[in-house]
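# Structural overview for review
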Amino acid sequence: MTPLAIVDYYEAWWIQIIKAVLIFAIGLQIVPVVLLAERKLLGRFQGRYGPNRVGPYGVIQPLADIVKLLGKEQSRPNTSIGPLYILAPVISIMTAVATFAIIPFGDAPHIFGTRVGLYGIDVSIGPLYIFALSAIAFYGLMLGGWASGSKYSFLGAMRAAAQLISYEVSQGLALVGVLITAGTLSLTQIVHAQEGMWYIVPQLAGFLIFMVAAFAETNRAPFDLAEADAELVGGYNTEYGGGRFASYYFAEYLNVVVVSGVATTLFLGGWLIPGWHSEPAWLDPFVVLFKMTLFIIFFIWIRATLPRLRYDQLMSFGWKILLPLATLNTLITAIVVVAVHG
Amino acid sequence: MSYIVFFIAALGTLAGAIGVITLKDPFYSVLALVVHLISLAVLFLLLRAEFVAAAQVVVYAGAVMVLYVFVVSYVGGESLKGTTGPGRAGTLGAFACAGALAIELFIAVLGSGLKAIGTGGAHVAAGFGNPEQIGTLFLTRFLAPFEIASFLLLLAAVGAVTLARRRGGLEDGVEDRPTISAVDFLRPRPYYTGTQHETLGNAETLTATQAVERQERPT
């Protein structure tokens, strides 16, 4: 019944539905928290308070933002192309949510006597699933910018798309090192393979390349040229307002969460706690969420620290520095693995 | 369930393929091709060929079609206006070619002894077609075709670089815009480039002339 997944235990259909709803709900709840954390932390980094009017300590601010966005009229420029304009944010958000399904929050413990995997699906193709969905996410940005019928949106979409395909290559090659070392594509098995040592240690170069590419893939500063507001007003989502803009916004932050989850799984040992191998299973999701939080704060920190690059710098950095380094990392890892394991 | 998915994907495949050749606007043609390729990937998933499905999406929808979308959205549909159709001979020739291709494909499919056609489907072992098996086959049984194909792709890449190279170069004295290299990160940063460190008052205060002198002084 479930293509993509090969597991050695049986999950009833209702468990899968509960899991899907639960994981989606967690994703839905994380994003407003990330929004708030980003605005609060950016405020602190810049020597100001950040939002502090709605609710105690400003914690209800994201809720107010979302209610405001959803309550707005969904306007559409005359030059836009209706169906594609409406479809584009849907593609973006769909791919972001679908990618979230493969982040493992834990192993497959026994809950009330049945084995339940603490993840949406454990795909046999692992990271390829992420790359396939990020390939489809490209069309969300591209169609949004193109169908808006505005030159700012179009240029933003072109930048976003060019950046996406340039850095996807390096990101993929950076992961190959991990895959060779682990000898498997399944994300849960990659976590198990890290029981001796987290892959951030032997694959430090791969980790750094992956993180740099992740900033470009999620269109975050310093690689946020797609929405360089000084030159492009707002990038591919310039003409969007109300709920559709909220969708793009949600997808963008969910992508940050997903990339943090992938980095946690592949490099920081997922749910493993160093030196404690018999931790209770209920602790696993919290360990993963904690490690993801570290990455998310790192994303925000970088945004507050580094200025935006120039577009040609971004491209030459991607192709002339990052890609050769990623290739070299793959090659060296392969040689070392063959030399060690023979 | 799998029947519903199959029919949706099959309809998507056919509609996409028909859309590619019937739609007038090249941008929509390209989008129809994307729909076609993604629907094909869904069909692969139903056949439990996850790796092929992912490769289909990553390579075709994610890389090849992206370039098509780029070109078409930059150039737009205007360039095709004013061109005439293929003419009667061209149309007939196209139909003849398509018919010949269809007959050839039918012969190939029927002659290949695909036992699954017309039955309940082939039985496959668990783990059939997973990345491990495909990788093993690539490096053992199909090593020569695999290497030849990668050599072909290398040739294509070199050819593309050669064709796209700037012939004759820029005028004398006009260089490319400076690009950053790995070495730039090792060089000392010029003064007054606005780092957080300087903002917080950690930099020594220099007058403008002092700063210029520092810049010009060989390090």
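Conventions adopted
Residues numbered from 1 in each chain as written. Chains lettered and ligands numbered in written order. Predicted model: local features only at pLDDT ≥ 70, side-chain atom pairs only at ≥ 80, totals over all residues. Heavy atoms only, no water. Helix = DSSP H or I, 4+ residues; strand = E, 2+ residues; numbered from the N terminus. Buried < 20%, exposed > 50% of the residue type's maximum accessible area, 1.4 Å probe, protein only. Phe/Tyr/Trp six-rings, centres within 6.5 Å; stacked < 30°, edge-to-face > 60°. Core = buried A, V, L, I, M, F, W, Y, C linked by side-chain atoms within 4.5 Å. Contact = heavy atoms within 4.5 Å. Salt bridge = Lys/Arg side-chain N within 4 Å of Asp/Glu carboxyl O. Patch = residues over 30% accessible without salt bridge, like charges linked within 9 Å, V, L, I, M, F, W, Y side chains within 5 Å. Areas by Shrake-Rupley, 256 points an atom, 1.4 Å probe, with all protein chains shown as cover. Axes fitted to C-alpha atoms, helices over the stretch in contact; angles between N-to-C directions. Parallel < 35°, antiparallel > 145°, perpendicular 65-115°, else oblique. Left-handed = near helix turned anticlockwise from the far one by under 90°. Nonpolar A, V, L, I, M, F, W, Y, C, P; charged D, E, K, R; others polar. Expected span 1.5 Å × (residues − 1). pLDDT = per-residue confidence, 0-100.

Okay, unusual backbone geometry next. Residue and element names in this part refer to chain A. Despite not being glycine, Y57 shows a phi value in the positive range, around 60°. Relative to the helices and strands, Y57 resides in the loop between α1 (13-45) and α2 (61-71). What makes Y57 exposed here is its relative accessible area of 57%.

The subject of this paragraph is the packing of aromatic side chains. Each aromatic ring pair is described using two quantities: the centre-to-centre distance and the angle formed by the ring planes. For the structure on display, the rule yields 20 aromatic pairs over all chains. Summarising the aromatic geometry, the rings of A:W146 and B:Y28 are spaced 6.3 Å apart at their centres and angled 85° between planes, so their arrangement reads as edge-to-face. In this pair, A:W146 is assigned in helix α4 (residues 127-147) and B:Y28 in helix α2 (residues 26-46), connecting two distinct chains. A:W146 sits in the buried class, given a relative accessible area of 17%.

Take the nonpolar core next. Formed by 107 residues in total, the largest nonpolar core has its most connected members in A:F100 and A:F210. Leaving out residues up to four positions away in the same chain, A:F210 has contacts with A:Q171, A:A174, A:L175, A:V259, A:V262, A:A263 and A:F267.

This part takes up the environment of A:Y119. Of note, A:Y119 is situated in the loop between β2 (114-115) and α4. As a C-alpha pair, A:Y119 and A:G106 span 13 residues in sequence and 7.1 Å in three-dimensional space.

Let's shift gears to the environment of B:H36. All names here are of chain B. Note that H36 resides in helix α2. Residue H36 is classed as buried on the basis of its relative accessible area, which comes to 16%. Through-space distance from the C-alpha of H36 to that of L14 is 7.1 Å; in sequence the pair is 22 residues apart. Those residues in contact with H36, other than ones at most four positions away along the chain, are G12, T13, G16 and A17.

Moving on to the pattern of salt bridges. Residue and element names in this part refer to chain A. Inspection of every chain in the model, using the stated rule, returns two salt bridges over all chains. Residue R303 pairs with E38 through a salt bridge whose shortest N-O separation is 2.7 Å. Residue R303 is located in helix α10 (residues 284-305), and its partner E38 is located in helix α1; the two are separated by 265 residues in the primary sequence. The exposure class assigned to R303 is partly exposed, which follows from its relative accessible area of 35%. With relative accessibility at 3%, the residue E38 sits in the buried group. Here R39 and D65 are joined by a salt bridge, their closest N and O atoms 2.9 Å apart. Of this pair, R39 sits in helix α1 while D65 sits in helix α2, placing them 26 residues apart in sequence. On the basis of relative accessibility, which here comes to 37%, the residue R39 falls in the partly exposed class.

This brings us to a nonpolar patch on the surface. On the surface, A:L328, A:L331, A:I332, A:I335, A:V336 and A:V340 cluster together into a nonpolar patch covering about 580 Å² of accessible area. Following the sequence through the fold, A:I332 ends up in helix α11 (residues 311-341).

A few words on the packing of α1(A) against α2(A). Residues and elements named next belong to chain A. Where α1 meets α2, the axes come as close as 8 Å, and the angle between the chain directions of the two elements is 115°. Classified by the interaxial angle, the pair formed by α1 and α2 is roughly perpendicular. As α1 runs across α2, the sense of the crossing is right-handed. Together, P32, L35, L36 and R39 of α1 and Q61, P62, D65 and I66 of α2 make up the contact between the two elements. In terms of residue class, the contact of α1 with α2 is built from five nonpolar, one polar and two charged.

Bringing α10(A) into the picture now. Residues and elements named next belong to chain A. Spanning 22 residues, α10 covers 32 Å between terminal C-alpha atoms, matching the ideal 32 Å at 1.5 Å per step. Of the positions making up α10, those classed as buried are D284, V287, V288, K291, M292, F295, I296, F299, I300, I302 and A304. Check the buried side of α10 and you find it contacts α1, α3 (82-100), α7 (204-217) and α9 (242-267).

We now examine the confidence of the model for chain A. Across chain A, the average pLDDT comes to 82, with 95% of residues at 70 or higher. Highest mean pLDDT in chain A belongs to α7(A) (88); lowest belongs to strand β1 (residues 110-111) of chain A (70).

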